[in-house]
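Survey of secondary and tertiary structure
Below are the chains, spelled out letter by letter.
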Amino acid sequence: MHAAINKYSLVCNTTKNILCGCLKRNSSHFVYHPERVSDEFGKTSKKNMYQAINSAMDLVLSKDSNSVVFGEDIGFGGVFRCTSGLRERYGKDRVFNTPLCEQGIVGFGIGLAVAGTTAIAEIQFADYMFPALDQLVNEAAKYRYRSGSLFDCGKLTVRTPCSAVGHGALYHSQSPESFYAHSPGLKIVMPRSAYTAKGLLLSCIRDPNPCIFFEPKIMYRLAVDDVPDDDYELPIGKADVLIEGRDITLIGWGTQVHVLLEVAEIANKDFGISCEVIDLVTILPWDKQTVANSVKKTGRAIVSHEAPLTGGFGAEISASIQDDCFLHLESPIRRVTGYDTPFPHIFEQFYLPNKWKCLQAIKELVNY
């Protein structure tokens with residue numbers, strides 16, 4: 001009997017180890033690269049991304065008495081805890097729950113912003129922002145234009161979690177930034193870290209145009225940086241060159257930046273290929289000049305994102321590189337992206353543009 005129990009325990013432990021290994025592999029397809037933060041913004045403390053986002057909203061609510069935060073379930077902190085403690089600090093009139101109606105949330109935010117209120121709306125998942133597409137692209141994006149600049153809703157910021165999380169499947173893992181990048185009048189921003197999340201969110205909230213702030217949900221707890229405690233802003237519309245290189249330019253945003261940073265290290269160490277890594281930071285407007293300058297130097301370019309290939313924002317960047325850098329190119333421009341299928345569940349690891357797919361593309365282009 002003892003032998004049977006021991007055999008059963010061995011089987012259970014082996015199964016547990018296998019399952020834990022699978023869960024561990026599927027929870028993250030990248031290695032997080034912490035930010036190197038200078039002391040220009042004062043004292044810092046360790047924060048993950050959701051805490052950095054919470055800190056940004058806390059600062060706005062404390063400094064701007066005409067600011068409000070609202071969305072589904074945010075009164076108790078939200079699904080990802082980004083609004084934890086805000087209702088207790090600022091009251092239910094300034095931090096409040098809404099009905100489960102994305103079109104209503106954004107429409108309400110537009111109305112508040114037009115009336116002069118600083119409106120910070122949360123859509124619980126970017127996948128569910130599509131019912132609000134009409135409000136965003138036909139109202140928020142065009143309000144200033146249709147009124148001849150007499151009115152605007154620039155005080156509106158829409159926050160929403162996006163991208164792969166390891167187990168989100170087809171309704172909780174999408175990266176829909178390119179849908180909204182087709183709408184002049186909006187600004188589209190996606191941070192890569194806790195540090196950039198706070199600075200960019202503060203910039204979005206204070207920008208005179210409506211902004212959509214995409215938050216890669218897998219990094220809410222995984223991304224930990226030394227984040228300034230005080231107020232600071234990071235520029236919208238300016239890409240960051242994270243690694244300088246001479247052989248090929250790698251362009252990404254959000255989570256994918258960390259994939260590219262990792263693959264750049266592998267390419268340099270194992271193959272002597274020097275990669276320049278650029279975080280686009282802002283999808284709309286995007287920093288064409290920084291990208292063009294880099295590609296003219298390296299002669300090669302890879303654009304990588306989690307969204308599907310067809311119609312992804314990588315196509316826009318590739319077309320721009322073709323226009324601006326054609327005589328400098330040593331190889332075709334390559335896109336390494338998700339596939340033209342709904343986002344899978346158990347096959348997520350096959351779908352994502354991981355470091356091995358990017359490394360293969362680098363080798364092929366350098367040897368073209």
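Residues numbered from 1 in each chain as written. Predicted model: local features only at pLDDT ≥ 70, side-chain atom pairs only at ≥ 80, totals over all residues. Heavy atoms only, no water.

1. Things to note about the UniProt feature "domain: Transketolase-like pyrimidine-binding" (unreviewed entry) in the chain
UniProt's feature table lists "domain: Transketolase-like pyrimidine-binding" (unreviewed entry) at residues 47-222, given in the numbering used throughout. Across residues 47-222, helical content stands at 38% and strand content at 18%; the span's end C-alpha atoms are separated by 10 Å. (UniProt positions renumbered as here; feature names shortened; annotations may be inferred. Helix = DSSP H or I, 4+ residues; strand = E, 2+ residues; numbered from the N terminus.)

2. Topic: the pattern of salt bridges
In the structure shown here, the tally under the stated rule is 19 salt bridges. Residue Asp152 is joined to Arg144 by a salt bridge in which the shortest nitrogen-to-oxygen separation is 3.8 Å. Exposure remark for Asp152: the relative accessible area of 29% places this residue in the partly exposed category. Across the pair Lys355 and Glu262 runs a salt bridge whose closest N-O atoms are separated by 2.7 Å. In this pair, Lys355 sits in helix α14 (residues 355-366) while Glu262 sits in helix α10 (residues 256-271), placing the two residues 93 residues apart along the sequence. Each member of the pair, Lys355 as well as Glu262, is classed as buried. One salt-bridge network, held together by shared partners, links Glu35, Arg192, Asp240 and Asp279. (Salt bridge = Lys/Arg side-chain N within 4 Å of Asp/Glu carboxyl O. Buried < 20%, exposed > 50% of the residue type's maximum accessible area, 1.4 Å probe, protein only.)

3. A short note on the domain arrangement of the chain
Taken domain by domain, the chain consists of domain 1 (44-228) and domain 2 (240-367). Every contact between the two is made by 26 residues of domain 1 and, on the other side, 24 residues of domain 2. Carbon and sulfur atoms make up 61% of the surface buried where domain 1 meets domain 2, a total of about 1,900 Å² over both sides. Across the domain 1-domain 2 interface, the total number found is two salt bridges. Note that Asp240 and Arg192 form a salt bridge whose closest N and O atoms lie 2.9 Å from each other. Our enumeration of links across domain 1 and domain 2 arrives at 11 residue pairs in polar contact (both at pLDDT 80 or more). Only α7 (177-181) and β6 (187-189) provide two or more residues apiece to the side of domain 1 that touches domain 2. (Domains from an automatic or database assignment. Contact = heavy atoms within 4.5 Å. Buried area = accessible area lost by both parts, 1.4 Å probe. Polar contact = N/O pair within 3.5 Å; in protein donor to acceptor, adjacent residues only side chain to side chain.)

4. Thoughts on the packing of aromatic side chains
Enumeration over the complete set of coordinates arrives at 15 aromatic pairs. Between Trp253 and Phe313, the ring centres sit 6.1 Å apart and the planes meet at 80°, which makes this aromatic pair edge-to-face. Here the residue Trp253 occupies a position in the loop between β10 (248-252) and α10, and Phe313 occupies one in helix α12 (residues 313-325), the gap between them amounting to 60 residues. Its relative accessible area of 8% is what places Phe313 among the buried residues. Through pairs of rings, three or more aromatic residues link up here, namely Phe80, Phe125, Tyr128 and Tyr220. Its end group placed over the ring of Tyr143, Arg146 keeps NZ or CZ at 5.8 Å from the ring centre. (Phe/Tyr/Trp six-rings, centres within 6.5 Å; stacked < 30°, edge-to-face > 60°. Lys NZ or Arg CZ within 6 Å of the ring centre and 35° of its normal.)

5. Observations concerning the sheet that holds strand β12 (residues 282-284)
Pairing in this open sheet of seven strands is mixed, and the strands run β3-β2-β4-β5-β7-β6-β12 from one edge to the other. Looking at strand neighbours, the two that pair on one side only are β3 (95-97) and β12, the edges of this open sheet. On average, each strand axis in the sheet is inclined to that of its neighbour by 20°, with strand direction left out of account. Judged from the two bridges that link them, β6 and β12 form a sheet pairing that is antiparallel. When the sheet's bridge partners are listed, Val189 is paired in β12 with Thr282. With respect to the sheet, helix α4 (residues 102-114) is in contact with β2 (67-71), β3, β4 (118-122) and β5 (156-162), its orientation differing from that of β2 by roughly 170°. (Pairing = 2+ DSSP bridges. Axes fitted to C-alpha atoms, helices over the stretch in contact; angles between N-to-C directions.)

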